[in-house]
Amino acid sequence: MRVGLFAVGRLKSGPEKDLAARYFDRFAKAGPAIGLEFSRVVEVSESRASNAETRKREEAALLQKTLAEGSILILLDERGKTLDSEAFAKVLSSYRDQGKRDLMIAIGGADGLDPALYERADMTLCLGKMTWPHQLVRTLIAEQLYRAVTILSGHPYHRV
Ligand SMILES: C[S@@+](CC[C@H](N)C(=O)[O-])C[C@H]1O[C@@H](n2cnc3c(N)ncnc32)[C@H](O)[C@@H]1O
């Protein structure tokens, strides 16, 4: 199963971008052995429309364009479902075992994500009840993807 990320908001070169890239790279190297491949990071600029509803709708349209048919869509949202790392790993392996080909994880911009996406989404995932800036969210989810691979492959990176 191919796993990708859609992010509203571009990361400038710098430590946040480097750290996220480091975990995506580790995921890309370790994932194929257990049937998880890194597909891509799609980042789009925040819409410049004058009201939040329009901005979110425009950003959602860009996300919809990137979704392959039948893709699993996971939205990141502080009001979503909280999972521990083992449970998140199980979610990924369960979609993989169902034969899903693509999974996309989406991070919203300053306004959050468009309500229509919540109807389309397979899951809304919370990375803690506090609100994080999108730059940090990218690194957090990249690390959890890599951690999930280590959990599923029995690698000692993950210890409890
Ligand atoms: C700065 S936040 C936007 C907050 C916005 N006020 C909202 O209501 O969604 C940017 C994005 O980061 C992600 N995000 C921030 N905190 C999060 C958390 N605790 N768990 C999951 N995703 C989070 C979400 O995708 C959110 O759309």
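Residues numbered from 1 in each chain as written. Predicted model: local features only at pLDDT ≥ 70, side-chain atom pairs only at ≥ 80, totals over all residues. Heavy atoms only, no water.

- As annotated in an unreviewed UniProt entry, the protein chain carries the name Ribosomal RNA large subunit methyltransferase H and is attributed to Rhizobium azibense.
- Check the Subunit (unreviewed entry) section of the UniProt entry for the protein chain; it says "Homodimer." (UniProt positions renumbered as here; feature names shortened; annotations may be inferred.)

## Here we look at the overall build of the protein chain
- Looking only at helices and strands, the protein chain features five helices and five strands.
- Counting from the amino terminus, the protein chain carries its helices and strands in the arrangement β-α-β-α-β-α-β-α-β-α.
- Whereas a compact globule of 160 residues would reach a radius of gyration of roughly 15 Å, the protein chain reaches 15 Å, a difference of no more than 12%.
- In terms of overall dimensions, the protein chain has C-alpha extents of about 50 × 35 × 25 Å along its principal axes.
- Put simply, the protein chain has 160 residues, and 46% of those count as buried.
- Within the protein chain, counting contacts between residues at least 6 apart in sequence, those at least 24 apart form 84% of the total.
- Accessible surface for the protein chain amounts to roughly 8600 Å². Of this, 51% is attributable to carbon and sulfur atoms.
- For the protein chain, the distance from the average site of its 24 positive side-chain charges to the average site of its 21 negative ones is 3 Å. (Helix = DSSP H or I, 4+ residues; strand = E, 2+ residues; numbered from the N terminus. Rg over C-alpha atoms; globule rule 2.2 N^0.38 Å. Buried < 20%, exposed > 50% of the residue type's maximum accessible area, 1.4 Å probe, protein only. Contact = heavy atoms within 4.5 Å. Areas by Shrake-Rupley, 256 points an atom, 1.4 Å probe, with all protein chains shown as cover. Lys, Arg positive; Asp, Glu negative; His and termini not counted. Charge placed at Lys NZ, Arg CZ, Asp CG, Glu CD.)

## Some remarks on the sheet that holds strand E2 (residues 37–44)
- One open sheet holds the five strands; their spatial order is E2-E1-E4-E3-E5, and the pairing between them is parallel. Only two strands of the sheet have a single partner each, and these edge strands are E2 and strand E5 (123–126). Going from strand to strand, the sheet's axes swing by 30° on average, the running direction of each strand aside.
- Two elements, strand E1 (residues 2–8) and strand E4 (residues 102–107), share six bridges in a ladder whose sense is parallel. Of the residues in E4, the one forming a bridge with Arg2 is Asp102.
- Across the sheet, helix H3 (residues 85–97) lies against strand E3 (72–82), E4 and E5, angled at about 140° from E4, the strand it touches most.
- Sheet strands in contact with helix H5 (residues 134–153) are E1, E2, E3, E4 and E5, and its direction is about 150° off that of E4. (Pairing = 2+ DSSP bridges. Axes fitted to C-alpha atoms, helices over the stretch in contact; angles between N-to-C directions.)

## Some remarks on the site of the ligand
- Around the ligand, the surrounding shell holds 17 residues, and the nearest of these are Leu76, Leu127, Gly128, Met130 and Trp132.
- One nitrogen or oxygen atom from the main chain of Asp77 is found 3.2 Å from a nitrogen atom belonging to the ligand.
- Contact distances for the ligand include 3.0 Å between an oxygen atom and a backbone N or O atom of Gly108.
- In the complex, 86% of the free accessible area of the ligand, which totals 560 Å², lies under the protein chains. (Near = heavy atom within 4 Å. Polar contact = N/O pair within 3.5 Å; in protein donor to acceptor, adjacent residues only side chain to side chain.)

## A closer look at the side chain of Glu59
- Positionally, Glu59 belongs in helix H2 (residues 52–66).
- Excluding residues that lie within four positions of it along the chain, Glu59 makes contacts with Phe6, Val8, Glu46, Ser47 and Gly112.

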